[in-house]
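Residues per chain, in single letters:
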Amino acid sequence: MAVHRFQMASNKKTALMKVQKRAIAVLLSEEPMPKEEKARIRAESLIREDNTIEAFEIMQLSCELLAERMRLISSEKTCPADLVSTISTLIWASNRVDIPELMEIRKQFASKYGKKFEKEAMSNEGGVINERVFAKLSVQPPTAYLVQTYLERIAEEFEVEWEPTQKLEPGDVQVPMAAPMGYSIPVAVGSGYGGAFEDQSLTASVTSIDGVPGAHAMPGPAPAPIKKEQIYGPNNTEQEISVPPIYVPKQPNITNSSNGVDSNNNSDRKPSAPSIESTEEDNRKTKDDKGENDSEGGTGADSSNYDDLAARFNRLKK
């Protein structure tokens with residue numbers, strides 16, 4: 001059963017890899033700028049699938065060998081020396097690949113040869129695991145040179161005119177691929193206004209705001225000064241608060257050319273209530289005017305009217 005499961009899994013992965021290669025070719029042919037960084041990540045996934053299929057082929061041969069030597073295995077209590085590496089490899093790979101039959105094989109051999117044999121196989125004690133399977137199922141990422149080689153082969157297969165933007169240095173051949181920096185991402189992807197950033201004057205104004213590189217420092221209004229006022233709290237205690245200034249638009253000065261009076265100073269003012277002092281002064285003037293009128297020959301009715309007004313004023317004053 002494990003042999004057929006390996007074969008089915010390998011065929012499925014091979015079919016998916018054809019689709020992945022075509023998708024990588026499309027990324028490399030993007031205009032005006034190829035999506036090289038995304039293509040490198042897809043190529044790394046392609047390499048991992050290639051390594052898995054290779055390991056599947058080796059373990060498939062191991063399962064076929066065990067099926068042929070099952071009588072020998074059943075007749076001996078200990079593991080044959082020439083099958084230690086094969087059985088240990090299948091036990092080690094049982095929890096690293098998605099093949100359920102390997103877990104059953106691991107249980108059967110752990111039951112026959114003991115937990116110690118299983119533990120030594122899982123820890124690769126003595127280097128008994130197949131070196132090729134151990135390397136292909138490793139969690140280490142592929143080298144940058146291998147990733148770029150895959151991209152070049154894909155571009156050649158699908159006839160895509162592509163050259164790597166970043167050339168590999170001699171020291172980068174045996175190290176994993178570097179993390180993407182975003183050089184293949186165009187500017188202003190959503191709006192399509194990337195050409196606006198080609199101006200040198202605009203690109204020179206690109207600064208770092210709050211630790212974000214590439215942010216534009218847009219000019220804005222200067223902050224208004226804050227003035228402090230004193231208010232009284234609930235316990236009649238003074239509390240200092242910051243109150244932003246209130247902006248009051250300045251009214252234009254409109255001068256009446258006929259009389260030379262500033263209409264801005266008179267038209268917008270509300271009449272104020274007369275004070276007691278001003279009322280008393282006006283009454284004195286009125287009284288003096290009445291006296292003059294009497295001296296000039298006023299009637300008795302005017303004098304009585306004045307007395308009535310004076311009496312009303314005294315009552316209002318009280």
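All residue numbers here refer to positions counted from 1 along the written sequence of the relevant chain. Whole-chain, interface and lining totals are the exception, using all residues; otherwise, since this is a predicted model, local features are given only for residues with pLDDT of at least 70 and side-chain atom pairs are given and counted only at 80 or more. Side-chain metrics in this entry use all non-hydrogen atoms of the structure; hydrogen atoms and water are not considered.

Now for the overall build of the chain. Helix and strand counts for the chain stand at twelve helices and four strands. A burial count over the chain gives 23% of its 318 residues as buried. Here the Shrake-Rupley method, with its probe set to 1.4 Å, supplies the accessible areas, and only the displayed protein chains count as covering residues. A total of about 23,100 Å² of accessible surface is found on the chain, and carbon and sulfur atoms cover 53% of it. Strands here are runs of E lasting at least two residues and helices are runs of H or I lasting at least four, both read from the DSSP assignment and numbered beginning at the N terminus. Note on classification: 1.4 Å probe, protein chains only; a residue is buried when its accessible area is under 20% of the maximum for its type, exposed when over 50%, partly exposed between these limits.

Quick look at unusual backbone geometry now. The omega torsion of the bond from Glu-31 to Pro-32 falls at 0 degrees, within 30 degrees of zero and hence cis. Tracing the chain through its elements places Pro-32 in the loop between helix H1 (2-28) and helix H2 (36-68). Here Asn-124, not a glycine, exhibits a phi torsion of approximately 55 degrees, which is positive. Tracing the backbone through its elements, the reader meets Asn-124 in the loop between helix H6 (115-122) and helix H7 (131-136). Phi angles above zero are rare outside glycine, and Glu-159 is one such case at about 55 degrees. Mapped onto the secondary structure, Glu-159 falls in the loop between helix H8 (144-157) and helix H9 (200-204). Residue Glu-159 is classed as exposed on the basis of its relative accessible area of 73%.

All right, on to the packing of aromatic side chains then. Aromatic rings from Phe, Tyr and Trp, with only the six-membered ring used for Trp, were paired whenever their centres fell within 6.5 Å, and each pair was classed as stacked if the ring planes differed by under 30 degrees, edge-to-face if by over 60, and tilted otherwise. Evaluation of the coordinates by the stated rule reveals four aromatic pairs. Considering the side-chain rings of Trp-92 and Phe-134, the 5.1 Å spacing of their centres and the 35 degrees angle between planes classify their relative orientation as tilted. Of this pair, Trp-92 sits in helix H4 (residues 84-92) while Phe-134 sits in helix H7; the two residues are 42 residues apart in sequence, bridging distant segments of the chain. Residue Trp-92 is classed as buried on the basis of its relative accessible area, which comes to 4%. Phe-134 gets classed as partly exposed once you look at its relative accessible area, which sits at 37%.

What follows covers the environment of Lys-38. Topologically, Lys-38 is positioned in helix H2. Residue class for Lys-38 comes out partly exposed when judged on its relative accessible area of 41%.

Let us look at the side chain of Arg-106. Mapping Arg-106 onto the fold places it in helix H5 (residues 100-113). Note on Arg-106: relative accessible area 16%, which makes it buried. For the purposes of these results, a polar contact is taken to be a pair of N or O atoms within 3.5 Å, where, inside protein, one atom must be able to donate a hydrogen and its partner to accept one; residues adjacent in sequence count only when each atom of the pair is a side-chain atom. A polar contact is formed between the side chain of Arg-106 and the side chain of Glu-118, at a distance of 2.7 Å.

Attention now moves to the nonpolar core. Buried together is how nonpolar side chains tend to be arranged in soluble globular proteins. Only buried residues count toward a nonpolar core, which is a set of Ala, Val, Leu, Ile, Met, Phe, Trp, Tyr and Cys residues joined through side-chain atoms within 4.5 Å. One finds Phe-6, Met-59, Ile-87, Leu-102, Phe-109 and Leu-137 to be the most contacted residues of the largest nonpolar core, which totals 28 residues. For this core, the leading source of residues is H2, giving six residues. In what follows, residue pairs with any heavy atoms lying within 4.5 Å of each other are defined as contacts. Beyond its immediate sequence surroundings of up to four residues, Leu-137 is in contact with Thr-52, Ala-55, Met-59, Trp-92, Ala-93 and Val-97.

For the rest of this paragraph, the subject is the pattern of salt bridges. A side chain of one charge can pair with a side chain of the opposite charge if their charged atoms are brought near each other. One speaks of a salt bridge when a side-chain nitrogen belonging to Lys or Arg is within 4 Å of a carboxyl oxygen belonging to Asp or Glu. Applying the stated criterion to the full structure yields nine salt bridges. Arg-40 is the salt-bridge partner of Glu-36, the closest N and O atoms lying 2.9 Å from each other. Taken as a pair, Glu-36 and Arg-40 lie in helix H2 at a separation of four residues, close to a single helical turn. Comparing Glu-36 with Arg-40 shows no difference in burial state: the two are buried. Each member of the salt-bridge network shares a partner with another, and the members are Glu-54, Arg-132 and Lys-136.

Using a relative accessible area of 8% as the deciding quantity, one classes Arg-40 as buried. Those residues in contact with Arg-40, other than ones at most four positions away along the chain, are Val-147, Gln-148, Leu-151, Pro-164, Gln-166, Met-177 and Tyr-183.

Per residue, pLDDT measures the predictor's confidence, with a range of 0 to 100. Here the chain shows a mean pLDDT of 77. Residues at 70 or above account for 65%. Contacts from residues 200-219, a stretch scored under 50 in pLDDT, to residues over four places away or in other chains number 19 contacts. The low-confidence segment residues 226-233 (pLDDT under 50) makes 23 contacts with residues lying over four places distant or belonging to another chain.

Only C-alpha atoms enter the line fits that serve as axes; for helices the fit covers just the stretch in contact. Angles between N-to-C directions range over 0 to 180 degrees. Close contact between H4 and H6 brings their axes to 8 Å; oriented N to C, the two are set at 75 degrees. Taken as axis vectors, H4 and H6 run roughly perpendicular relative to one another. Contacts from Val-84, Ile-87, Ser-88, Ile-91 and Trp-92 in H4 reach Phe-117, Glu-118, Ala-121 and Met-122 in H6. A class-by-class count of the residues in the contact of H4 with H6 yields seven nonpolar, one polar and one charged. The cut-offs work like this: below 35 degrees is roughly parallel, past 145 is roughly antiparallel, 65 to 115 is roughly perpendicular, and the gaps in between are oblique. Charged means Asp, Glu, Lys or Arg here, nonpolar means Ala, Val, Leu, Ile, Met, Phe, Trp, Tyr, Cys or Pro, and polar covers whatever is left, Gly included.

This part covers the environment of Arg-96. Structurally, Arg-96 can be placed in the loop between H4 and H5. Taking the C-alpha atoms as reference points, Arg-96 and Thr-52, 44 residues apart in sequence, are found 10.0 Å from one another. At 2.8 Å, the side chain of Arg-96 forms a polar contact with the backbone oxygen of Trp-92. Of note is the side chain of Arg-96, whose polar atom sits 3.2 Å from the side chain of Asn-95.

Where H5 meets H6, the axes come as close as 6 Å, and the angle between the chain directions of the two elements is 130 degrees. Regarding the angle of H5 to H6, the classification is oblique. Within the contact between the two elements, H5 uses Arg-106, Ala-110 and Tyr-113 and H6 uses Lys-115, Phe-117, Glu-118 and Met-122. When its residues are assigned to classes, the contact of H5 with H6 shows four nonpolar, no polar and three charged.

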